[in-house]
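Structural overview for review
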Amino acid sequence: MENCKFGLNDHKPFFKEESHHHHHDEENCSHHHEHEHGHSHDHRGTDKKVLKWALSITLLTMFLEFFYGFLSNSLALISDAIHMFTHSFALIISLIAIILASKKAPLSKTFGFYRTEVLAAFINGITIVLSIIWILYEAVERFLNPQTIDIKTAMIVAIIGLVINIITGVILMQGDKNNINLKSAFVHMLSDALSSVAIIIGYIIIYFTSWYFIDVILAVIVAIVIGKWAIDILKNSTNTLLESSPLDITIVKEFIERNEKVIELHDIHIWEITQDMYNMTAHVKIDKKDLEEYENILHEINHDLKEKFKIVHTTFQFEW
């Protein structure tokens, strides 16, 4: 078991809860690994259930808003339905990611199925951008040729939309608070609830003033809200797919070089498989007289990297 301290060998994301077991399980490596792995599965069942409920409700509302949006001729309502579609997509991604994460990957998939999440998020981002283009095109079209709206129908559905968002938000809060999938789905719901509030306020103004252009303005505001989220998704997923380092390499390098036995760290590569699952390779230069100590040096480096930077898999080459 001695060679346990040689490297970080986890093929799964970093779970904060691990740190409680980290110290007293160090001697017994196999026990430590099982303990951790068991823990990571704890939330999965709940998360799956939570996501399935949230997804069913969201899809139902989406179809309702699409149907009545076209019926009442409200662009703001249709754009909210598209927003709902982006939620459904996000929830489906979260669900697939959780299902795939619990599956055993074949030998050729050396990093497991974790990347599917990132790939799906990238596709999600592109579909959102396309939907924004459609909303903006419609908004311009309507601004040039104003149309009347069946306010009462649109208002009722917008209120239903808001209530559904609140319910879904509450459901999502029952899941694992540390799961980035669920967290992003929750933030998504929150932004949707805000756009529902904007639409309701807009309809109240239209009802009393007959300023139908308010519908166009609200549609554009919703498009901007979704756009901000889409750009964020695309930026993060592209960075991961391009193997950009999720951490500032200079900070990691300086942190490790603070160890007086480490002369220099070079040829550093840090990349992200999925959220909280970072890998690292590097060359570590030490003094020849510290050769006997190299096991301890390596152990210290690994411990710090996991606790401080969430790096779960490392490969180091020592030089002197």
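None of the values given here were measured: they were computed from a predicted structure. (Residues numbered from 1 in each chain as written. Predicted model: local features only at pLDDT ≥ 70, side-chain atom pairs only at ≥ 80, totals over all residues. Heavy atoms only, no water.)

1. Examining the overall build of the protein chain
What counts is decided by this rule: The helix and strand labels rest on DSSP assignments: H or I over at least four residues marks a helix, E over at least two residues marks a strand, and numbering proceeds from the N terminus. By the convention used here, residues are in contact when the closest approach between their heavy atoms is within 4.5 Å. Where accessible areas are quoted, they stem from the Shrake-Rupley method and a 1.4 Å probe; at the residue level, only the protein chains shown are allowed to cover.
Per the secondary structure count, the protein chain includes ten helices and three strands. Nonlocal contacts in the protein chain, meaning residues at least 24 apart in sequence, comprise 76% of its contacts between residues at least 6 apart. Split by element, the accessible area of the protein chain, about 16800 Å² in all, is 65% carbon and sulfur.

2. Comments concerning the side chain of T58
In this structure, T58 sits in helix α3 (residues 44–72). Among all residues touching T58, those that are not within four sequence positions of it are M84, H87, S88, L91, T168 and M189.

3. Side note on the pattern of salt bridges
Applied cut-off: Note on definitions: salt bridges are taken to be side-chain nitrogens of Lys or Arg within 4 Å of carboxyl oxygens of Asp or Glu. Buried residues are those whose accessible area, probed at 1.4 Å on protein chains only, stays under 20% of the maximum for their type, while exposed residues exceed 50% and partly exposed ones sit between those limits.
For the coordinates displayed, the defined rule picks out two salt bridges. K253 is the partner of E257 in a salt bridge, and the nearest nitrogen-oxygen pair spans 2.8 Å. Of the two residues, E257 and K253 both sit in helix α9 (residues 249–257), four residues apart, roughly one turn of that helix. Exposure remark for E257: the relative accessible area of 26% places this residue in the partly exposed category. Judged by its relative accessible area of 26%, K253 is partly exposed. A salt bridge links D287 to K289, with the shortest nitrogen-to-oxygen separation between them at 3.9 Å. Taking the relative accessible area as the measure of exposure, K289 reaches 65% and is therefore exposed.

4. Brief notes about the sheet that holds strand β3 (residues 311–319)
To keep it simple, the criterion reads: Pairing between two strands is assigned when DSSP locates at least 2 bridges connecting them. In this analysis an axis means a line fitted to C-alpha atoms, helices contributing only their contacting stretch, and an angle means the value between N-to-C directions, from 0 to 180 degrees.
Sheet architecture is open: three strands sit in the order β1-β2-β3, paired in mixed fashion. Strand pairing shows two members of the sheet lacking a second neighbour, β1 (262–274) and β3, which therefore form its edges. For this sheet, the mean inter-axis angle between neighbouring strands, taken without regard to orientation, is 15°. Sheet analysis places strand β2 (residues 277–286) next to β3, joined by eight bridges and oriented parallel. Paired with V284 across the strands is F318, a residue of β3.

5. Looking at the UniProt feature "transmembrane region" (unreviewed entry) in the protein chain
Cut-off, in case you're wondering: UniProt positions are given in the numbering used here, feature names are shortened, and annotations may be inferred rather than shown by experiment.
The UniProt record annotates "transmembrane region" (unreviewed entry) at residues 50–70, 82–101, 113–137, 149–173, 185–206 and 212–231. In residues 113–137, the share of helix is 92% and the share of strand is 0%. The end C-alpha atoms are 38 Å apart. In residues 149–173, helix accounts for 88% and strand for 0%; the two terminal C-alpha atoms are 36 Å from one another.

6. Remarks on the pairing of β2
Among the ten residues of β2, eight are classified as buried, and the element is accordingly described as predominantly covered. In terms of strand pairing, β1 meets β2 through nine bridges, oriented antiparallel. Bridged to E272 within β2 is Y278. Counted between consecutive antiparallel strands, the loop separating β1 from β2 contains two residues, among which D276 sits at a positive phi close to 65°.

7. Some words on unusual backbone geometry
Phi at E243 is positive, roughly 60°, even though this residue is not glycine. Unlike most non-glycine residues, K310 shows phi in positive territory, near 60°. As for its position among the elements, K310 is in the loop between α10 (294–309) and β3. Taking the relative accessible area as the measure of exposure, K310 reaches 31% and is therefore partly exposed.

8. Section: helix α5 (residues 115–144)
Operational definition: Expected helix span is computed as 1.5 Å times (number of residues minus one).
In a regular helix each residue adds 1.5 Å, so 30 residues correspond to 44 Å; α5 covers 44 Å between its end C-alpha atoms and thus fits that length. Those residues of α5 that fall on the buried side of the exposure criterion are E117, V118, A121, N124, G125, I128, S131, I132, I135, E138, A139 and R142.

9. Remarks on the packing of aromatic side chains
Put simply, the rule reads: For Phe, Tyr and Trp, where Trp contributes only its six-membered ring, two rings pair if their centres lie within 6.5 Å, and the inter-plane angle classes them as stacked under 30 degrees, edge-to-face over 60, or tilted in between.
Enumeration over the complete set of coordinates arrives at five aromatic pairs. Centroid distance F66 to F70: 6.4 Å. Interplanar angle 10°. Geometry classified as stacked. You can see F66 and its partner F70 sitting in helix α3, four residues apart, about one turn around the helix. Here F255 and F309 contribute two aromatic rings whose centre-to-centre distance is 5.4 Å and whose plane-to-plane angle is 85°, an arrangement assigned as edge-to-face. Highlighted residues: F255 in helix α9 and F309 in helix α10, separated in sequence by 54 residues. The burial state of F255 is the same as that of F309; both residues are buried.

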